[in-house]
Amino acid sequence: MAAGVHLARFLDDAGVPGELKAVLVSATQAGAQIARELRRGGLSGVTGTAGGTNVHGEVVKKMDVLANEILVEVFRSEGGVAQVASEEMAEPLVLSREAPYSVLFDPLDGSSNVDTGGSVGTILCVQSSPGGKSPSGEMLLQKGADLAAACYLNYGPATSLVLATGAGAHLFCLEPGSETFVLITRDLKIPRRGKVYATNEGQRNYFHPSTRRFLDHLQASDPSDGRPYSPRYSGCLVTDVHRILLEGGIYLYPSDTRDPKKPHGKLRLLYECAPLAWIVEQAGGRASTGRGPIAEVTPSELHQRVPLFIGSPYEVGLAEEFEGGKR
Ligand code: FDP
């Protein structure tokens, strides 16, 4: 399929079932609306904090709230979504009892960048909703391997969309001033290895010795082996993973000892790690907790956190060797 094809046509040609296509088109329309609000910056009065904390105890930005509202409203009017769950909402919201899909999302990933013109993102995944049962939060505790589709939007100088429905990961770009996403690259292939790593190194002293040894390895000089690697950390998971998907390398948000109440790092399995893992794996990459595939983790709670090592197969394999105590 040639570059330049519009998203709806792409989904038809790829044989994506009509109801799933409708959910994905709605998701991307919400993304286009969020992109429009972000471009207006302070003009709409949506910069700054909203004056509260979310279910995770984090400061909520006005744009977090607005992005969440845009997504909920789009799926409410779409009709094909049983329930939505969001990083910003304590409980899932039931929209339509008989609908075949549920959607989970991080409405504005990297929102600490939003007031200073940095890139931010939206992450979504679509799960099949088991028929004949009333929607419940428990139904959403599905492994990443069982997703029906996932996508992310990266709101940078351009708005990029990467979408996966089970047969590759595909890159689209939003036509400015419209809600039209145009195919740029079909079947992205992540490089087998890269030259960059992304992590919050300010937290290094809280990292476990295995993770510190892995970073020492990446930073050691060995030109024959492509080392040292360069750090590239934007403060937005989507933006860092997008770079790594296109150019190779590894993003890590490991377990640490900073807060005994959060021993598994900061990132959420269902809203962030599972969808990104699904996308990156379909491009030939890997995503791991350091001990095994993210896609195989069965969630025990909706807002569960997991350590994340994601990117090129070479660096993720290397990280697993360090995390598993083999090096
Ligand atoms: P944010 O809290 O700004 O939404 O998932 C959350 C996230 O950002 C990621 O996008 C980002 O990589 C990470 O947290 C940043 O956390 P640190 O400040 O701990 O580095």
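In what follows, the structure referred to is the one given above.
Residues numbered from 1 in each chain as written. Predicted model: local features only at pLDDT ≥ 70, side-chain atom pairs only at ≥ 80, totals over all residues. Heavy atoms only, no water.

1. Considerations on the sheet that holds strand β11 (residues 196–198)
Part 1 of the reasoning: Spatially, β12-β11-β13-β15-β14 is the arrangement adopted by the five strands of the open sheet, whose pairing is mixed. Either end of the sheet is taken by a strand with one partner, and the two such strands are β12 (230–231) and β14 (286–288).
Part 2 of the reasoning: With three bridges joining them, β14 and strand β15 (residues 308–311) adopt antiparallel strand pairing. In the sheet register, Ser288 faces β15, and the bridge partner there is Phe309.
Part 3 of the reasoning: Packing of helix α6 (residues 269–282) onto the sheet brings it into contact with β14 and β15, and relative to β15 it is tilted by some 25°. (Pairing = 2+ DSSP bridges. Helix = DSSP H or I, 4+ residues; strand = E, 2+ residues; numbered from the N terminus. Contact = heavy atoms within 4.5 Å. Axes fitted to C-alpha atoms, helices over the stretch in contact; angles between N-to-C directions.)

2. Quick notes on the pattern of salt bridges
Part 1 of the reasoning: Summed over all chains, the structure comprises 17 salt bridges.
Part 2 of the reasoning: As a salt-bridge pair, Arg227 and Asp225 come within 2.7 Å of each other at their nearest N and O atoms. For the residue pair Arg227 and Asp225, the accessibility class agrees, reading buried in each case.
Part 3 of the reasoning: Its salt-bridge partner being Glu272, residue Arg268 comes within 3.8 Å of it at the nearest N-O pair.
Part 4 of the reasoning: The buried category is assigned to Glu272, whose relative accessible area is 2%.
Part 5 of the reasoning: Through salt bridges with shared partners, a single ionic network connects Arg193, Asp222, Asp225 and Arg227. (Salt bridge = Lys/Arg side-chain N within 4 Å of Asp/Glu carboxyl O. Buried < 20%, exposed > 50% of the residue type's maximum accessible area, 1.4 Å probe, protein only.)

3. Observations regarding the packing of helix α5 (residues 237–247) against α6
Part 1 of the reasoning: Running from amino to carboxyl end, α5 crosses α6 at an angle of 15°, the nearest separation of the two axes being 12 Å. Of the possible angle classes, the one that applies to α5 and α6 is roughly parallel. Regarding α5 and α6, the two cross each other, and that crossing is right-handed. Residues Leu237, Val241 and Leu245 of α5 form the contact with α6, whose own contacting residues are Glu272, Leu276, Ile279 and Val280. (Parallel < 35°, antiparallel > 145°, perpendicular 65-115°, else oblique. Left-handed = near helix turned anticlockwise from the far one by under 90°.)

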